[in-house]
Amino acid sequence: MKPEFPLDRRRLLQAAAAWSAMAAATGTARAAAPARDLSGVTLRVGTYKGLWRPLLTASGQADTPYKVDWRELNNGVLHIEAINGDALDLGSGSEIPPVFAARQKSSVKLVAVTHEDLNNQATLARKDSPIRSIADFKGKRVGYVRATTSHYYLARQLAEAGLSFSDIQAVSLTPADGLSAFARGDLDAWAIYGYNGQLARTQYGARTIKTGVGYLSGNFPIYANPRALDDALRRAALSDLLQRLQRSFAWINGNFLAYARAQSAETRVPVGDLVELFNGRSGDYSLGPVTDAVVRSHQQVADTFLKIGVLDGPADVKPLWDRSFESVLRLPAA
């Protein structure tokens, strides 16, 4: 029996219209631009398990005129460190790692932004825990991933409940280590994102106390190496890859089952669990250009981290943002 995965018809029609408009715009842009031989270019691209690499393949966008050297780095801090050390041309992550990059004057630019699911950024409690609200976290062992979205939204959720990190037993762990600690019972609660959170729910009965909705902007920057931006051929390849990713993100909304199968093959997370996450998403997926609102949102994150004492001084994020890809990533009119 064929499983049913409910999708909103209006969303499907909007996604189809967006796809058509972007395809037409891309075709026009390519017709007007002089052809470049990119066959000798290799882009070093950071990816997360189950994300860009299988997405491009599933959406039919993987046949690039240049080579892509995929490098799996499963947090944004590592992406920025690799870019700063000239070991990566393109990467991605949340707004959080670039806040620290701005403070440290790292060599990185933010060239585009994706909009993804915030219900998949969740604060969880163990199924046998008496915790029913964030206020119940006082004195409890709470896992999180330092310098990531989970660090940020956990801080905001605690503050909203009249608490701070000093009121809990905060435990900084990688996502994989956090899942193991949660499964063993070494954590009472866990602020986590991505498929590790879904595994905690489906395999260990974790209960969702709050999600990232209302605490996170939903903006996830794409990070670029300034050295690659200054190289004409690598810049041309990056421009092409960003457009491919933009089309792929639009494609997700009407073809998630195909993407879930590709994700599952790489992550081993069951297809049904991934589809369940998608059906409960906070909004549709997209990739767009840098805007004033995006930069303002990012500065608010930096100011919040300064206020709660995570930063040792103010961070001005505006110089990190590069709007030179705005013309190729212009979104179609609604």
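Above this text you will find the structure in question.
Cut-offs applied
Residues numbered from 1 in each chain as written. Predicted model: local features only at pLDDT ≥ 70, side-chain atom pairs only at ≥ 80, totals over all residues. Heavy atoms only, no water. Pairing = 2+ DSSP bridges. Helix = DSSP H or I, 4+ residues; strand = E, 2+ residues; numbered from the N terminus. Axes fitted to C-alpha atoms, helices over the stretch in contact; angles between N-to-C directions. Contact = heavy atoms within 4.5 Å. Parallel < 35°, antiparallel > 145°, perpendicular 65-115°, else oblique. Left-handed = near helix turned anticlockwise from the far one by under 90°. Nonpolar A, V, L, I, M, F, W, Y, C, P; charged D, E, K, R; others polar. Buried < 20%, exposed > 50% of the residue type's maximum accessible area, 1.4 Å probe, protein only. Expected span 1.5 Å × (residues − 1). Polar contact = N/O pair within 3.5 Å; in protein donor to acceptor, adjacent residues only side chain to side chain. Salt bridge = Lys/Arg side-chain N within 4 Å of Asp/Glu carboxyl O.

Draft legend 1. Seen up close, the sheet that holds strand β6 (residues 141-144). In spatial order, the strands read β7-β6-β8-β5-β9; together these five strands make up an open sheet with mixed pairing. Strands at the two margins of the open sheet, each flanked by one partner only, are β7 (169-172) and β9 (207-211). Direction aside, neighbouring strands of the sheet carry axes that sit 25° apart on average. With two bridges connecting them, β6 and strand β8 (residues 189-193) associate as parallel partners. Across the sheet, residue Gly-143 finds its bridge partner in β8, namely Trp-190. Contacts from helix α5 (residues 149-160) reach β5 (121-125), β6, β8 and β9 within the one sheet, and its direction differs from that of β8 by about 135°. Contacting β5 and β8, helix α6 (residues 175-184) crosses the sheet at an angle of about 150° to β8.

Draft legend 2. Geometry of the packing of helix α3 (residues 76-84) against helix α4 (residues 96-104). The geometry of α3 relative to α4 is characterised by a closest axis approach of 8 Å and an angle of 40° between their N-to-C directions. Relative to α4, the element α3 is oriented oblique. You can see that α3 and α4 cross each other, and the crossing is right-handed. Two secondary-structure elements touch here, α3 through Gly-76, Val-77 and Ile-80 and α4 through Pro-97, Pro-98 and Ala-101. Counted by class, the contact of α3 with α4 contains five nonpolar, one polar and no charged residues.

Draft legend 3. How the structure looks around the side chain of Glu-95. Checked against the element boundaries, Glu-95 lands in the loop between β3 (90-92) and α4. The residues touching Glu-95, leaving out its near neighbours within four places in the chain, are Ser-217, Asn-219, Pro-221, Val-294, Ser-297, His-298 and Val-301.

Draft legend 4. Geometry of unusual backbone geometry. Its identity is not glycine, yet Asp-86 carries a phi of approximately 60°, on the positive side. Relative to the helices and strands, Asp-86 is located in the loop between α3 and β3. Even without a glycine there, the phi angle at Ala-147 is positive, about 60°. Within the secondary structure layout, Ala-147 lies in the loop between β6 and α5.

Draft legend 5. Structural detail: helix α7 (residues 195-204). Of the positions making up α7, those classed as buried are Asn-196, Gly-197, Gln-198, Leu-199, Ala-200 and Arg-201. Buried residues along α7 sit in contact with β5, α6, β8, β9 and α11 (271-279). Just downstream of α7 lies Gly-205, where phi reads positive at about 70°.

Draft legend 6. Local environment of the side chain of Thr-47. With respect to the secondary-structure elements, Thr-47 resides in strand β1 (residues 42-47). Since its relative accessible area comes to 1%, Thr-47 is described here as buried. If we skip the residues at most four places from it in the chain, Thr-47 touches Trp-52, Arg-53, Trp-70, Arg-71, Glu-72, Leu-73, Asn-74 and His-79.

Draft legend 7. Just helix α9 (residues 232-252), in detail. Here α9 spans 30 Å end to end across 21 residues, near enough to the 30 Å set by a 1.5 Å rise per residue. Within α9, 18 of the 21 residues are buried, leaving the element largely enclosed by the surrounding structure. The opening residue of α9 is Asp-231, an N-cap whose side-chain oxygen sits 3.2 Å from the backbone nitrogen of Leu-233.

Draft legend 8. The arrangement of the pattern of salt bridges in detail. For the coordinates displayed, the defined rule picks out 16 salt bridges. A salt bridge links Glu-72 to Lys-49; the shortest N-O distance between them is 3.5 Å. Of this pair, Glu-72 sits in strand β2 (residues 67-72) while Lys-49 sits in the loop between β1 and α2 (52-58), and the two are 23 residues apart along the sequence. The class of Glu-72 is partly exposed, set by a relative accessible area of 34%. The shortest N-O distance in the salt bridge between Glu-72 and Arg-53 comes to 3.4 Å. Highlighted residues: Glu-72 in strand β2 and Arg-53 in helix α2, separated in sequence by 19 residues. On the basis of relative accessibility, which here comes to 26%, the residue Arg-53 falls in the partly exposed class. Residues participating in the shared-partner salt-bridge network are Arg-44, Asp-86, Asp-89 and Arg-234.

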